[in-house]
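Each chain is listed here by its residues.
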Amino acid sequence: MALKLARAVAECLRRSPGQRYRAREIAEWIFATYPGECQAKLERSAALHNEADLLQQLVAEIGSNRPQITKSNPQVRTVEIRPRLFYWTDSTEDEEATTVEECGVHVAPAAPGIAAETTSEATSVIYEADLYSKLGDFLQTESRLYVPRIDEKRSSNKRGPQGNRWLYPDIVAMEDLSQGWTKEIRDCVSEVGARKFRLWSLEVKLLLNRSNVREAYFQAVSNSSWANFAYLAAMEIEGADTIKELRILSSLHGVGLIRIDPDNPSESEVLIPARERAEVDWANCDRLASENADFQAVIRRLWEFHRTGTAKSGNGRSDWL
């Protein structure tokens with residue numbers, strides 16, 4: 001049964017290469033495409049009483065047989081973070097990572113559903129730059145962080161074309177530790193020079209798979225060595241081995257992992273917490289500020305926050321830039 005199910009899943013996905021589908025959407029397609037086989041399965045089972053029960057059973061079997069499905073059909077890939085998605089690609093993992101970086105992720109407007117043919121409507125495309133505001137919304141809502149974007153293209157490049165490679169993260173965030181403190185405590189902390197904030201560094205990717213996971217992770221390690229917290233954030237993580245590798249790397253180097261939900265940013269989540277560094281590396285920050293106008297603006301706002309105790313800009317916005 002597992003092999004027959006694997007063939008049916010592959011047949012469904014092959015109709016729309018690159019489009020991501022949930023197990024229920026695939027199950028609905030199988031139910032509509034193979035009514036005879038599904039009816040026979042329903043009649044054989046004492047535990048299934050109606051078509052709704054059968055559909056739910058198909059969903060469960062697709063999920064539990066996921067390793068067999070991908071092993072039988074190497075072109076079938078799965079997104080490991082929830083909601084778990086299935087898709088078909090003829091590209092190798094290396095080719096897929098390169099294509100996604102250059103061309104974005106194509107998202108289906110509708111599922112195959114119960115129709116025998118998939119939809120012909122155009123797909124939408126999500127680019128890495130689209131994720132910055134989504135991640136910023138999550139960080140502001142979940143952790144009450146202040147989130148500016150760092151554009152490495154605004155760097156001086158005085159060290160040559162590769163001089164700033166892996167130097168800047170995509171996003172810097174400030175965590176205001178003094179939120180909720182009384183005025184007396186704020187004044188006391190300012191007077192003694194104690195810490196009132198923590199800095200976060202975040203590197204954003206559309207897709208992480210076995211081909212690019214180590215490069216992406218060590219890019220985050222490289223461009224976040226100055227911060228209290230460092231995170232690699234991704235919209236999709238493909239393959240169980242990728243998650244396993246990320247957990248191993250995090251235990252060694254302390255960079256955490258965030259899943260970005262582009263449709264509902266509040267549903268994003270921290271999958272692997274980052275390990276805190278006690279102090280900011282200000283010498284490294286000086287290097288970054290001297291090379292990049294965005295990072296220089298971040299340091300300027302930090303200084304204003306240290307003096308005034310407020311992280312909001314003059315127009316009341318909670319972002320910095």
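Residues numbered from 1 in each chain as written. Predicted model: local features only at pLDDT ≥ 70, side-chain atom pairs only at ≥ 80, totals over all residues. Heavy atoms only, no water.

**Here we look at the overall build of the protein chain**
Across its full length, the protein chain holds twelve helices and ten strands. For the protein chain, buried positions account for 46% of its 321 residues. Of all intrachain contacts in the protein chain linking residues separated by at least 6 positions in sequence, the fraction that spans at least 24 positions is 68%. When the accessible surface of the protein chain is summed, it comes to about 16,000 Å², and 49% of that surface belongs to carbon and sulfur atoms. (Helix = DSSP H or I, 4+ residues; strand = E, 2+ residues; numbered from the N terminus. Buried < 20%, exposed > 50% of the residue type's maximum accessible area, 1.4 Å probe, protein only. Contact = heavy atoms within 4.5 Å. Areas by Shrake-Rupley, 256 points an atom, 1.4 Å probe, with all protein chains shown as cover.)

**Considerations on the sheet that holds strand β9 (residues 256–259)**
The pairing of strands in a sheet comes from backbone hydrogen bonds and takes either a parallel or an antiparallel form. Strand order across the open sheet formed by six strands is β5-β6-β7-β8-β9-β10, with mixed pairing between neighbours. With partners counted over all chains shown, the strands left at the sheet margins are β5 (145–146) and β10 (269–272), one partner each. Note that strand β6 (residues 171–176) and strand β7 (residues 197–208) share six bridges and pair antiparallel. By the bridge assignment for β7, alanine 173 is matched with tryptophan 200. Contacts between helix α9 (residues 213–223) and the sheet are confined to β7 and β8 (229–237), with β7 contributing the most and set at about 160° to the helix. (Pairing = 2+ DSSP bridges. Axes fitted to C-alpha atoms, helices over the stretch in contact; angles between N-to-C directions.)

**Regarding the packing of helix α11 (residues 282–291) against helix α12 (residues 293–308)**
α12 packs onto α11 with a crossing angle of 125° between their chain directions and a minimal axis gap of 6 Å. Viewed along their axes, α11 and α12 adopt a mutual orientation that is oblique. With respect to the hand of their crossing, α11 and α12 are arranged in left-handed fashion. Residue-level inspection shows Trp282, Cys285, Leu288, Ala289 and Glu291 of α11 in contact with α12, the latter providing Ala293, Phe295, Gln296, Ile299 and Leu302. For the contact of α11 with α12, a count of residues per class yields eight nonpolar, one polar and one charged. (Parallel < 35°, antiparallel > 145°, perpendicular 65-115°, else oblique. Left-handed = near helix turned anticlockwise from the far one by under 90°. Nonpolar A, V, L, I, M, F, W, Y, C, P; charged D, E, K, R; others polar.)

**Remarks on the packing of aromatic side chains**
Inspection of the entire model under this criterion finds seven aromatic pairs. Through a chain of ring-to-ring contacts, the aromatic side chains of Phe197, Trp282 and Phe305 assemble into a single cluster. Here arginine 14 stacks its cationic end above the ring of tryptophan 88, 5.2 Å away from the centre of that ring. When the ring centre of tyrosine 87 is taken as origin, the NZ or CZ atom of arginine 20, which lies over that ring, is 3.8 Å away. (Phe/Tyr/Trp six-rings, centres within 6.5 Å; stacked < 30°, edge-to-face > 60°. Lys NZ or Arg CZ within 6 Å of the ring centre and 35° of its normal.)

**Thoughts on the pattern of salt bridges**
Tallied over the full model, the rule gives 16 salt bridges. One salt bridge in this structure joins glutamate 80 and arginine 66, with 2.8 Å as the shortest N-O distance. One end of the pair, glutamate 80, is in the loop between β1 (76–79) and β2 (85–88); the other, arginine 66, is in helix α5 (residues 66–72), with 14 residues separating them in the sequence. Taking relative accessible area as the criterion, glutamate 80 reaches 10% and is therefore assigned buried. Close ionic contact of arginine 210 with glutamate 93 constitutes a salt bridge, the shortest N to O distance being 3.1 Å. Placement of the pair is arginine 210 in the loop between β7 and α9 and glutamate 93 in helix α6 (residues 93–103), with a sequence separation of 117 residues. For glutamate 93, a relative accessible area of 16% translates into the label buried. (Salt bridge = Lys/Arg side-chain N within 4 Å of Asp/Glu carboxyl O.)

**Considering the side chain of glutamate 93**
Here arginine 210 takes part through its side chain, which lies 3.1 Å from a polar atom of the side chain of glutamate 93. Discounting residues that sit within four places of it in the chain, glutamate 93 has contacts with Arg77, Asn209, Arg210, Ser211 and Glu238. (Polar contact = N/O pair within 3.5 Å; in protein donor to acceptor, adjacent residues only side chain to side chain.)

**As for the pairing of β6**
Looking along a regular strand, one sees the side chains alternate between the two faces of the sheet. With six of its six residues buried, β6 lies for the most part within the structure. Inspection of the sheet shows β5 paired to β6 by two bridges, in the antiparallel sense. Of the residues in β6, the one forming a bridge with leucine 145 is glutamate 175.

**Brief notes about the environment of isoleucine 272**
Mapped onto the elements, isoleucine 272 comes out in strand β10. The class of isoleucine 272 is buried, set by a relative accessible area of 10%. Linking isoleucine 272 and leucine 257, residues 15 residues apart in sequence, is a C-alpha distance of 4.8 Å. Ignoring any residue separated from it by four or fewer positions in sequence, one finds isoleucine 272 in contact with Tyr231, Leu246, Arg247, Ser250, Gly256 and Leu257.

**Remarks on the confidence of the model for the protein chain**
If pLDDT is low for a region, its predicted coordinates should not be looked at in detail. Scored by pLDDT, the protein chain has a mean of 84; 84% of the residues are at 70 or more. The model gives residues 114–120 a pLDDT under 50, and that stretch makes 13 contacts with residues more than four places away or in other chains. When the criterion is pLDDT under 50, residues 313–321 qualifies, and its contacts beyond four places in sequence or with other chains add up to 22 contacts. (pLDDT = per-residue confidence, 0-100.)

**Remarks on the nonpolar core**
Core analysis: the biggest nonpolar cluster contains 25 residues, and Val9, Leu13, Ile26, Ile30 and Ile62 have the highest contact counts within it. Within the residue set of this core, elements represented by two or more residues are α1 (2–14), α2 (23–33), α3 (35–44), α4 (51–64) and β2. Counting residues per element, this core draws most heavily on α1, at seven residues. For isoleucine 26, the residues in contact, after removing those within four places along its chain, are Val9, Cys12, Leu13, Tyr21, Ile62 and Phe86. If you look at the next biggest cluster of nonpolar residues, it comprises 24 residues, including Ile126, Tyr132, Trp200 and Ala233. (Core = buried A, V, L, I, M, F, W, Y, C linked by side-chain atoms within 4.5 Å.)

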